Amino acid sequence: MWGDKRYHTLNYELRKIFGQKVIKLSLDGGFTCPNRDGTIGRRGCIFCGEEGSGEFAGSRALDINEQIKEQKEFMSNKWDTDKYIAYFQNFTNTYSFCEDLKEKYYSALSEEGIVGLAIATRPDCLSEEVLHLLDEINKKTYLWIELGLQTIHERTAKFIRRGYPLKVYSEAIKELGKRGIKVVTHLIFGLPTESRRDILDSIKYVADTNTWGVKFHLLYIQKGTDLYNYYIKNPFHLLNRDEYIPLVVDGLELLPKNMVIHRVTGDGKRDLLYGPRWSLDKLKVLSGIDRELKTRNSYQGKKYGLTF
Ligand code: SF4
């Protein structure tokens, strides 16, 4: 239905828009996060590593243009393409003065082959001024904003120290939607306070927002995080592959067909990953999801809008 997949992948969407393979270049804009600098909290989200949820991004010692050059070179070993999305990934990429944001976003856009921007941030870091800037950029290029919601359940949000209530997310979605700015929502599967039903409720909630895309993450434990320290003292059940794959497929079935699926697996760094180690074999997870969809004779959107 979407090329060779039974779900609407980002790869499919970008090929449709740009007529060829487009890849993301992960950048570190040199920002921090209000959940780490003391404005909201000092320790950050419980799973957040030293590098602020963007362990694969370029080095902040380099400026944006240098990072783009370096990332292009690195990616050229893997992909034969000349179109890229500049992805501001590390920490909170709208958390600075507008002049600083503007300078960094436009530096990225000035590089050859950059056809769009992806900006990861928090829904509580979208001031009127920032929204105005994003609106301006959205009119000039292909833009999406990524928001780390992770869950709709307030008790879990407290456990992970997300630092904002659900209504802040829904307000942000509304404001971005008003300006026609695309939003990608992140959700985490396997948080220790959550049942399968809780996870599916989060997916159903997101399905009914005007989110353009989603990222499904597996909860993984990375050494050096507070989650790792918590787990060592209070071991809890980590999803195994046979639980995770059907859950992803349940989630895909609940989403509308036009929602773009940006990610369906975790992406921990091999040397820092404590568990679950099976998540390192991404190909096995992806092929397991394809197989499960086929076995069920199912596809994204099959159960969208149904009550259960
Ligand atoms: S919002 Fe992102 S960068 Fe900030 S603490 Fe949470 S995961 Fe880390």
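Computed from a prediction, not measured in an experiment: that's the story for all the values here.

(A) Fine view of the overall build of the chain. Broken down by element type, the chain carries ten helices and nine strands. For a compact globule of 308 residues, the expected C-alpha radius of gyration is about 19 Å, and the chain comes in at 19 Å, within 12% of that figure. Put simply, the chain has 308 residues, and 56% of those count as buried. Counted over contacts in the chain with a minimum sequence separation of 6, partners at least 24 positions apart contribute 82%. Accessible surface computed for the chain: about 14,000 Å², of which carbon and sulfur atoms make up 51%.

(B) Focus on the packing of helix α2 (residues 64-76) against helix α3 (residues 98-110). Running from N to C, α2 and α3 cross one another at 40 degrees; their axes reach a closest spacing of 9 Å. By the angle between their directions, the pair α2 and α3 is classed as oblique. Where α2 crosses over α3, the two elements pack in a sense that is right-handed. Contacts from Ile64, Asn65 and Ile68 of α2 reach α3 at Lys104, Ser107, Ala108 and Ser110. Here the residues of the contact of α2 with α3 sort into three nonpolar, three polar and one charged.

(C) Representation of α3. With 13 residues, α3 should reach 18 Å at 1.5 Å per residue; the first-to-last C-alpha distance of 18 Å fits that figure. Those residues of α3 not exposed but buried are Cys98, Leu101, Lys104, Tyr105, Ser107 and Ala108. Looking at the buried positions of α3, the neighbouring elements they touch are α2, β2 (84-88), β3 (114-121) and α4 (128-140).

(D) Molecular detail of unusual backbone geometry. Of the consecutive residues Gly275 and Pro276, the connecting peptide bond is found in the cis state with omega at -5 degrees. With respect to the element layout, Pro276 can be found in the loop between β9 (273-275) and α10 (282-295). The phi angle at Phe91 is positive, at roughly 60 degrees, despite the residue not being glycine. Inspection of the secondary structure puts Phe91 in the loop between β2 and α3. You will see that Asn297, though not glycine, has its phi angle at about 50 degrees, which is positive.

(E) Here's a closer look at the pattern of salt bridges. If you walk through the whole model with that rule in mind, you get 22 salt bridges. Glu154 is the salt-bridge partner of Arg162, the closest N and O atoms lying 3.8 Å from each other. With a relative accessible area of 1%, Arg162 lands in the buried category. It is possible to trace a salt-bridge network through shared partners that takes in Arg196, Asp250, Glu253, Glu292, Arg296 and Lys303.

(F) Geometry of the site of the ligand. If you check the shell around the ligand, you find nine residues, and the closest are Cys33, Gly44, Cys45, Cys48 and Arg122. Residue composition of the shell around the ligand, by class: five nonpolar, three polar and one charged.

(G) Seen up close, the nonpolar core. Within the largest apolar cluster, 63 residues are counted, with the highest numbers of intra-cluster contacts made by Leu134, Phe189, Phe216 and Ile289. No other element matches helix α9 (residues 241-254), which puts seven residues into this core. Those residues in contact with Leu134, other than ones at most four positions away along the chain, are Tyr105, Ile119, Leu126, Leu143, Ile145, Leu176 and Ile181.

How each quantity is defined
Residues numbered from 1 in each chain as written. Predicted model: local features only at pLDDT ≥ 70, side-chain atom pairs only at ≥ 80, totals over all residues. Heavy atoms only, no water. Helix = DSSP H or I, 4+ residues; strand = E, 2+ residues; numbered from the N terminus. Rg over C-alpha atoms; globule rule 2.2 N^0.38 Å. Buried < 20%, exposed > 50% of the residue type's maximum accessible area, 1.4 Å probe, protein only. Contact = heavy atoms within 4.5 Å. Areas by Shrake-Rupley, 256 points an atom, 1.4 Å probe, with all protein chains shown as cover. Axes fitted to C-alpha atoms, helices over the stretch in contact; angles between N-to-C directions. Parallel < 35°, antiparallel > 145°, perpendicular 65-115°, else oblique. Left-handed = near helix turned anticlockwise from the far one by under 90°. Nonpolar A, V, L, I, M, F, W, Y, C, P; charged D, E, K, R; others polar. Expected span 1.5 Å × (residues − 1). Salt bridge = Lys/Arg side-chain N within 4 Å of Asp/Glu carboxyl O. Near = heavy atom within 4 Å. Core = buried A, V, L, I, M, F, W, Y, C linked by side-chain atoms within 4.5 Å.

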